[in-house]
Amino acid sequence: MLQGKKIVLGITGSIAAYKSCLIIRQLVKRGAEVQVVITPAGKEFITPITLSALTSKPVISEFFSQRDGTWHSHVDLGLWADAMLIAPATASTIGKMAHGVADNMLITTYLSMKAPVFIAPAMDLDMYAHPSTQQNLRTLQAYGNHIIEPGTGFLASKLEGKGRMEEPENIVAVLEDFFSQQTSMAGQKVLITAGPTYEKIDPVRFIGNYSSGKMGFALANECANRGAQVELVCGPVSSSMQTPHPNIHRTDVESAQEMYEACQRLFPSMKLAILCAAVADFTPVTVASEKMKRTGDEMVIRLKPNPDIAASLGEMKKEGQTLVGFALETNDEVSNAQAKLKKKNFDFIVLNSLNDAGAGFRTDTNKITIITSNGKTEYSLKPKSEVAKDIINQLEEVMGA
Ligand code: CTP
């Protein structure tokens, strides 16, 4: 799967830099072409001569070649690569990447990168556990980068035993895995709804919910990484939620009605729709044109039902189209989810229970049960990016059947 792949390998100033040699060896053995970009601190740990001997290419570390003064184009590297791997990635480089501090060739290359980026952090546990490092990693993950960690192969929610760089063979396995899945949804059109909806009460107030949109964004990234063309329709989410993947086309909406209209327009040409949004079931009957004033002891806001996007798409669904719903239940989870599966004409439903710690709204992890008409599969608590993989694997099975 790595045969002919072009990998930019970023090396930074960590003692784990010697392991980069093992990564290069394994990549080259599998037929990949490797271009090393090293930071000034990285060169303190490993010499460019070793690296260029292993890759059969000059190592890039400065903006200009010391030999003849020619400019190294980070833009060209960004276009050349099929993937960028930063291993080891120090706290400093991770911080610079998260904030766009482009003061060396590695960061400028990262900022110009058009291919998926994999990051293998390496530092001591205290640095790793610091909220600033954790926040930077979450930021990078929200930008669609893949974080590779020891033991899990992905950004885990627990910190025990973390900080150490993942072993070279596991890092290479993550890349192989990525490329082998890259084409499984090639050309398929997928509609994904994500986030909350806001239902206006007056110019400054709304009815909303705690949905962050993270699960829907993780699904959009996963489908895009597998080659699908994704239409992401999302409600109001944090500005840190970005969708840089070129296969993702994003439509931002606010209310359930707007989300409904976007979905009605898009669904007919879709192969698949995953309805992950937490849509408000009701909306105020009237929206006050001026800010409502405090009067009397009580306040009553009359609500009317919103369209049920899922049920409407379930009715429109044609042969060959697949519809996946989510359910967040607080009691009688499985039987409630099974009822929704029938009512909304879903092909399967992803159940997350609020009774499970770490699952549901505003968390980076989720614990799901997938329910089909002929059974259920339970999964363990995982980062949402991994939950997205489980869901799409199951989907590919159902669609392939
Ligand atoms: N959904 C939707 N449009 C709505 C309400 C829900 O598309 N107006 C979708 C959600 O995106 C999710 C599924 O329907 O995929 C289940 O949502 P949920 O709110 O749990 O179901 P409801 O039908 O609202 O049932 P209830 O509130 O009675 O639990």
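Refer to the structure printed above.
Described below are features of the structure shown in this document. (Residues numbered from 1 in each chain as written. Predicted model: local features only at pLDDT ≥ 70, side-chain atom pairs only at ≥ 80, totals over all residues. Heavy atoms only, no water.)

Things to note about helix 12 (residues 333-343)
Note on helix geometry: an α-helix contains 3.6 residues per turn, so any two residues three or four positions apart are oriented the same way.
Next up, step 1: Taken together, the buried positions of helix 12 are E333, A337 and L341. The buried residues of helix 12 all sit within an arc of 70° when viewed along its axis, so they share a single face. In helix 12, the exposed positions angled more than 90 degrees off the buried face are occupied by K342 and K343.
Next up, step 2: Those residues of helix 12 that are buried are in contact with strand 14 (322-329), strand 15 (348-353) and strand 17 (368-372).
Next up, step 3: Following helix 12 by one or two positions, N345 adopts a phi angle in the positive range, close to 60°. (Buried < 20%, exposed > 50% of the residue type's maximum accessible area, 1.4 Å probe, protein only. Helix = DSSP H or I, 4+ residues; strand = E, 2+ residues; numbered from the N terminus. Arc of directions from axis to C-beta. Contact = heavy atoms within 4.5 Å.)

Things to note about the state of the cysteines
Linking two cysteines covalently via their sulfur atoms produces the bond known as a disulfide.
Next up, step 1: Taken as a whole, this structure holds zero disulfides when the rule is applied.
Next up, step 2: Distance from the sulfur of C263, which forms no disulfide, to the nearest cysteine sulfur (C234) is 11 Å.
Next up, step 3: For C263, a relative accessible area of 0% puts it in the buried group. (Disulfide = S-S within 2.5 Å.)

Observations regarding the environment of I7
Next up, step 1: Following the sequence through the fold, I7 ends up in strand 1 (residues 6-11).
Next up, step 2: When the C-alpha positions of I7 and H99 are compared, they lie 23 Å apart, and in sequence the two are 92 residues distant.
Next up, step 3: Those residues in contact with I7 that lie beyond four places of it in its chain are L2, L27, A32, E33, V34, Q35, W80, A83, L85, L175 and F179.

Looking at the nonpolar core
Next up, step 1: Core analysis: the biggest nonpolar cluster contains 33 residues, and I192, L219, C223, V230, L232, I274 and I391 have the highest contact counts within it.
Next up, step 2: Within the residue set of this core, elements represented by two or more residues are strand 6 (189-194), helix 9 (214-225), strand 9 (229-234), strand 11 (272-275), strand 14, strand 15, strand 17 and helix 13 (384-400).
Next up, step 3: With seven residues, the top contributor of residues to this core is helix 9.
Next up, step 4: Not counting residues within four places of it along the chain, the set of residues in contact with I391 comprises M215, L219, F326, F348, V350, I368 and I370.
Next up, step 5: Judged by nonpolar contacts, the second largest core, of 30 residues, contains L2, I38, I46 and V59. (Core = buried A, V, L, I, M, F, W, Y, C linked by side-chain atoms within 4.5 Å.)

Side note on the sheet that holds strand 17
Next up, step 1: The eight strands lie next to each other as 10-9-6-11-14-15-17-18, forming an open sheet whose pairing is mixed. If you trace the sheet from one side to the other, it starts and ends with strand 10 (248-252) and strand 18 (375-378), each paired once. Averaged over all adjacent pairs, the angle separating strand axes in this sheet is 15°, with direction ignored.
Next up, step 2: Across the face of the sheet, helix 13 comes into contact with strand 11, strand 14, strand 15, strand 17 and strand 18 while running at roughly 15° to strand 17. (Pairing = 2+ DSSP bridges. Axes fitted to C-alpha atoms, helices over the stretch in contact; angles between N-to-C directions.)

Details of the environment of N170
Next up, step 1: By the secondary structure assignment, N170 is in helix 8 (residues 168-181).
Next up, step 2: Classification of N170 as partly exposed rests on a relative accessible area of 34%.
Next up, step 3: Separated by 50 residues in the primary sequence, N170 and A220 have C-alpha atoms spaced 25 Å apart.

As for the packing of aromatic side chains
Next up, step 1: For the structure shown, the criterion picks out three aromatic pairs.
Next up, step 2: Measuring from centroid to centroid gives 5.5 Å for F178 and F179, while their planes differ by 75°, and the two rings are edge-to-face.
Next up, step 3: Given a relative accessible area of 9%, F178 falls into the buried group.
Next up, step 4: Residue F179 is classed as buried on the basis of its relative accessible area of 4%. (Phe/Tyr/Trp six-rings, centres within 6.5 Å; stacked < 30°, edge-to-face > 60°.)

Quick notes on unusual backbone geometry
The phi angle of most residues is negative, glycine excepted, and most peptide bonds adopt the trans form.
Next up, step 1: Residue P88 follows A87 across a cis peptide bond; omega there is 0°.
Next up, step 2: In this fold, P88 is placed in strand 3 (residues 83-89).
Next up, step 3: A positive phi angle, close to 45°, is found at D332, a residue other than glycine.
Next up, step 4: With respect to the element layout, D332 can be found in the loop between strand 14 and helix 12.
Next up, step 5: Positive phi values are uncommon outside glycine, yet N345 reaches one of about 60°.
Next up, step 6: Note on placement: N345 falls in the loop between helix 12 and strand 15.

Section: the pattern of salt bridges
Next up, step 1: Inspection of the entire model under this criterion finds 17 salt bridges.
Next up, step 2: The shortest N-O distance in the salt bridge between D252 and R250 comes to 3.1 Å.
Next up, step 3: The closest approach of N and O atoms between K344 and D308, which form a salt bridge, is 3.1 Å. In this pair, K344 is assigned in the loop between helix 12 and strand 15 and D308 in the loop between strand 13 (303-305) and helix 11 (309-316), connecting sequence segments 36 residues apart.
Next up, step 4: Its relative accessible area of 15% is what places K344 among the buried residues.
Next up, step 5: Salt bridges sharing partners connect three or more residues here, namely K19, R164 and E167. (Salt bridge = Lys/Arg side-chain N within 4 Å of Asp/Glu carboxyl O.)

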